[in-house]
Amino acid sequence: MKYTWRVAQELMRIIPPVFGSFRKALKDIEYGGYDIPKGWQVYCVSHGTHMNKEIFEKPTEFDPSRFENPSKPIPPYAYIPFGGGLHTCIGNEFARVEVLTTIHNLVTMFEWSQVFPDEIITRQPMPYPSMGLPIKIRLRKL
Ligand code: HEM
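Residues numbered from 1 in each chain as written. Predicted model: local features only at pLDDT ≥ 70, side-chain atom pairs only at ≥ 80, totals over all residues. Heavy atoms only, no water.

Observations regarding the coordination of the iron atom of the ligand
The sole protein-derived ligand of the iron atom of the ligand is C89 (SG), positioned 2.2 Å away. With respect to the helices and strands, C89 occurs in the loop between α2 (46–50) and α3 (92–109). (Donors = N, O, S within 2.8 Å, 3.2 Å for Na, K, Ca; no water. Helix = DSSP H or I, 4+ residues; strand = E, 2+ residues; numbered from the N terminus.)

Set out below in structure tokens:
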């Protein structure tokens, strides 16, 4: 189910379920012209790299194939829906199975349409459809 996973990856690029993670500076560092003293908490926001056009061409476009044939390699720690480094999500492989199983059953068994096609996604702080995502759903004819 490689393509299905590309779809999930692209969804998590545009709408990361967790929008970032905290790290503590273990020593004084300088980053991007800013001095960060030892002991400060820094917050790494996924959107900073997920929506960076230097890393992901046309970042606002939904294009699962960008994970299939990237025009240039995605640098380490630039695609971080599951975080990175020592505290990277330990459930990421389990999440993959859950996501693939859910998408597979939804897509093969049902057809649906959104009641509000342009519904906005809000943060609560997880992504949440602003109108509760009402849909019209029916069983596919097998
Ligand atoms: C799509 C689903 C999921 C997403 C997007 C997600 C995302 C994340 C992120 C961004 C972090 C922080 C990583 C960091 O600080 O670098 C994290 C940590 C963690 N996740 Fe997940 N997660 C998901 C599913 C799961 C599942 C299913 C489990 C367990 C069954 C899980 C268990 C954990 C744990 C225990 C940590 C803390 C790891 C640590 O601090 O060492 N996650 N996750």
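Digging into the state of the cysteines
Disulfides are covalent bonds that link the sulfur atoms of two cysteine residues. Summed over the entire model, instances satisfying the criterion amount to 0 disulfides. Distance from the sulfur of C44, which forms no disulfide, to the nearest cysteine sulfur (C89) is 15 Å. Judged by its relative accessible area of 39%, C44 is partly exposed. (Disulfide = S-S within 2.5 Å. Buried < 20%, exposed > 50% of the residue type's maximum accessible area, 1.4 Å probe, protein only.)

Here we look at a nonpolar patch on the surface
Taken together, the side chains of L106, V107, W112, L133, I135 and I137 define a hydrophobic patch exposed on the protein surface, amounting to about 500 Å² of accessible area. Tracing the chain through its elements places W112 in strand β5 (residues 110–114). Overall, W112 belongs to the partly exposed group, its relative accessible area being 40%. (Patch = residues over 30% accessible without salt bridge, like charges linked within 9 Å, V, L, I, M, F, W, Y side chains within 5 Å. Areas by Shrake-Rupley, 256 points an atom, 1.4 Å probe, with all protein chains shown as cover. Salt bridge = Lys/Arg side-chain N within 4 Å of Asp/Glu carboxyl O.)

Let's talk about the site of the ligand
Near the ligand you find 16 residues, and of these S21, R23, G84, H87 and C89 are the closest. Here R23 contributes a side-chain N or O atom positioned 2.6 Å from an oxygen atom of the ligand. Take H87: an N or O atom from its side chain is 2.8 Å from an oxygen atom of the ligand. Taken together, the elements giving at least two residues each to the shell around the ligand come down to β1 (20–24) and α3. (Near = heavy atom within 4 Å. Polar contact = N/O pair within 3.5 Å; in protein donor to acceptor, adjacent residues only side chain to side chain.)

Section: the nonpolar core
Within the largest apolar cluster, 9 residues are counted, these being W5, A8, M12, I55, F56, F67, A78, Y79 and L100. Ranked by residue count, the leading element in this core is helix α1 (residues 2–14), at 3 residues. Once residues lying within four places of it in the same chain are set aside, the contact partners of I55 are T49, K72, I74, P75 and A78. (Core = buried A, V, L, I, M, F, W, Y, C linked by side-chain atoms within 4.5 Å. Contact = heavy atoms within 4.5 Å.)

Description of the pattern of salt bridges
Inspection of the entire model under this criterion finds 6 salt bridges. Its salt-bridge partner being R13, residue E10 comes within 2.7 Å of it at the nearest N-O pair. Of this pair, E10 and R13 both sit in helix α1, 3 residues apart, which is roughly one turn of that helix. Notably, a salt bridge pairs E93 with R96, separated by 3.4 Å at the nearest N-O pair. With a gap of 3 residues between them, E93 and R96 both fall in helix α3, about one helical turn apart. Assessed through its relative accessible area of 29%, R96 is described here as partly exposed. What you see here is one network of salt bridges that share partners, running through E10, R13 and R66.

Section: the side chain of R66
Considering the arrangement of structural elements, one finds R66 in the loop between α2 and α3. Side-chain polar atoms of R66 contact the backbone oxygen of K58, separated by 3.1 Å. Beyond its immediate chain neighbours, meaning those up to four positions away, R66 contacts E10, R13, F56, E57, K58, P59 and E61.

Some words on the packing of α1 against α3
Interhelical geometry of α1 versus α3 gives an angle of 110° and a closest axis separation of 10 Å. With respect to each other, α1 and α3 are oriented roughly perpendicular. On the side of α1, the interface is formed by T4, W5 and A8, while α3 contributes R96, V99, L100 and I103. (Axes fitted to C-alpha atoms, helices over the stretch in contact; angles between N-to-C directions. Parallel < 35°, antiparallel > 145°, perpendicular 65-115°, else oblique.)

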